[in-house]
Amino acid sequence: MKAKDKIDATTLSKFDVVDYLGDEATLAEYLSAVIEESDPGLLAAALGDVAKARGMADIAQASGLARESLYKALRPDAHPRFETVQRVCTALGLRIEVRPAA
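Residues numbered from 1 in each chain as written. Predicted model: local features only at pLDDT ≥ 70, side-chain atom pairs only at ≥ 80, totals over all residues. Heavy atoms only, no water.

Chemist: I'd like a rundown of unusual backbone geometry, residues and numbers included.
Modeler: Located in the positive-phi region is Ser38, a residue other than glycine, with phi close to 55°. Its location among the elements puts Ser38 in the loop between helix H1 (24-35) and helix H2 (40-54). (Helix = DSSP H or I, 4+ residues; strand = E, 2+ residues; numbered from the N terminus.)

Right, here's the structure in full:
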């Protein structure tokens, strides 16, 4: 690649997954892929992404959680309780399912 063909990284827009989470099927695929990683912090962050895509205030209200508590529970370094995950999923119109691994 020639020097003139190089891309200036400072001119690129920042990627935000929230911009690509438009429908329930995409949300479900995204969260399912994250759950397969078995990382509670990653799951918390992904739920945060989805909540932002749907409107954090709306998800807080629908889940019965204070918005500040929701932000705190859905940080990348958080380890949310199952009840919190379930309430957020319900507020998003999603449900958690268990399937055979094989």
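What follows picks up the thread again.
Chemist: Describe the packing of H1 against H2, listing the residues and the values that go with them.
Modeler: Where H1 contacts H2, the two axes come as close as 9 Å, and the packing angle between them is 165°. On the basis of the axis angle, H1 is roughly antiparallel to H2. Considering how the two elements wind past one another, H1 and H2 form a crossing that is right-handed. Contacts between H1 and H2 involve Glu24, Leu27, Tyr30, Leu31, Val34 and Ile35 from the first element and Leu42, Leu43, Ala46, Leu47, Asp49, Val50 and Arg54 from the second. Grouping the constituent residues of the contact of H1 with H2 by class yields 10 nonpolar, no polar and three charged. (Axes fitted to C-alpha atoms, helices over the stretch in contact; angles between N-to-C directions. Parallel < 35°, antiparallel > 145°, perpendicular 65-115°, else oblique. Left-handed = near helix turned anticlockwise from the far one by under 90°. Contact = heavy atoms within 4.5 Å. Nonpolar A, V, L, I, M, F, W, Y, C, P; charged D, E, K, R; others polar.)

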